[in-house]
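What the coordinates show
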Amino acid sequence: MREQNQVDWDAAIHHRFIDELFAGTVADNVLQHYLVQDYQFIDRFVALLGAAIASADLFTSRVRFSRFAAMITSDENTYFLRAFDELGLSEKYRTTPPLTAPTRAFQDLMAESAESRIYPLCLSVLVVAEWLYLSWADRPGAALPERFIHAEWITLHNNPAFAEFIGWLRAELDRTGPLLDAQDQARCAAMFGRAVALERAFFDHVYTPLDYP
Ligand SMILES: Cc1ncc(CN)c(N)n1
């Protein structure tokens, strides 16, 4: 499925935003816009993890997802809150910002896959969201930028535990996807493709930042 979406995949993982993140040169208003919108992404993403926990066919899978959800709701959540403090973002935009079209589209996709209660459909969206992030963050030998708002967003997505989780996540989709009928396999492929296109659109749209006065 990744190969079927290679153009959007490559455009996302080699995006200008990622180059600027590694260089530590992303403009603060661009990073702020990205993080404000991404915090709304994370809200539905955690709900999708809940759907994966509920629909998984094995207890060991539920345990794995529960541990991952714990990381997102602790280390990753506090990164957002500290970054919002550093960028001087008011409370209103942390909780109820205006939503952009890519953010809404992502929320809709995650709600659709979660509400299917079909484990491989949940996995199809989760695999894109996490594997694509590991792919852009994995730049061996690249130096980390100085400011934590840049550096930690990279290390949250290229650390060994995260890489190991992605290996497991992909294997989980490879294990359970083939058990679906042809119609649901096609739904997996369609959701996977929508997710890759949205990852690219999400990075594109940070360069027309909204104001969060
Ligand atoms: C849009 C998007 N996609 C994926 C991730 C990685 N969880 C994220 N934080 N934001």
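Since this is a predicted model, take the numbers as computed values, not measurements. Every chain is numbered on its own, with residues counted from 1 as its sequence reads. pLDDT decides what is reported in this predicted model: residues at 70 or higher carry local features, side-chain atom pairs at 80 or more are listed and counted, and totals for whole chains, interfaces and linings draw on all residues regardless.

Turning to the site of the ligand, a few remarks are in order. We call a residue near a molecule or strand if the C-beta atom, set from the backbone, is within 6 Å of it. Taken together, D38, F41, A129, E130, Y133, E199 and F202 form the complete shell of residues around the ligand. Segments assigned H or I by DSSP are reported as helices when at least four residues long, segments assigned E as strands when at least two residues long, and all are numbered from the N terminus. Listed by contribution, the elements that provide at least two residues to the shell around the ligand are α3 (28–55), α7 (119–137) and α10 (182–205). The dominant element in the shell around the ligand, judged by the number of residues it contributes, is α7, at three residues. Each residue is assigned to one class: nonpolar for Ala, Val, Leu, Ile, Met, Phe, Trp, Tyr, Cys and Pro, charged for Asp, Glu, Lys and Arg, and polar for all the others, Gly among them. Its residues placed into classes, the shell around the ligand shows four nonpolar, no polar and three charged.

Let's shift gears to the UniProt feature "binding site: substrate" (unreviewed entry) in the protein chain. UniProt positions are given in the numbering used here, feature names are shortened, and annotations may be inferred rather than shown by experiment. Sequence positions flagged by UniProt for "binding site: substrate" (unreviewed entry) are, in local numbering, D38, E76 and E130. The annotated residues occupy 93 residues of the chain but converge on a single region, no pair of C-alpha atoms lying more than 13.5 Å apart. By the secondary structure assignment, D38 is in helix α3. Burial is judged by counting other C-beta atoms within 10 Å of a residue's own C-beta: 20 or more means buried, 12 or fewer means exposed, and anything between counts as partly exposed, with every C-beta placed from the backbone. Assessed through the 17 C-beta atoms surrounding it within 10 Å, D38 is described here as partly exposed. Within the secondary structure layout, E130 lies in helix α7. In this structure E130 touches I166 and L169, once residues within four positions along its chain are discounted. Note on contacts: residues are paired as contacts if their backbone-placed C-beta atoms lie within 7 Å.

Contact geometry of α7 with α10 gives a least axis separation of 9 Å together with a crossing angle of 25°. With respect to α10, the axis of α7 lies roughly parallel. You can see that α7 and α10 cross each other, and the crossing is right-handed. Contacts between α7 and α10 pair P120, L121, S124, V125, V128, A129 and L132 from the former with D184, R187, C188, M191, F192, A195, V196 and E199 from the latter. Angular values range over 0 to 180 degrees, each being the angle between N-to-C directions of two axes fitted as lines to C-alpha atoms, with helices fitted over their stretch in contact. Geometric relationships in this document are graded by angle, where less than 35 degrees denotes roughly parallel, more than 145 denotes roughly antiparallel, 65 to 115 denotes roughly perpendicular, and other angles denote oblique. Crossing handedness is read from the near helix: turned anticlockwise from the far helix by less than a right angle, it gives a left-handed crossing, and turned clockwise, a right-handed one.

Next up on the list: the environment of Q32. You can see Q32 is positioned in helix α3. Taking the C-alpha atoms as reference points, Q32 and L173, separated by 141 residues in sequence, lie 33 Å from one another. Setting aside anything within four residues of it in sequence, one finds Q32 in contact with L87, L89 and Y212.

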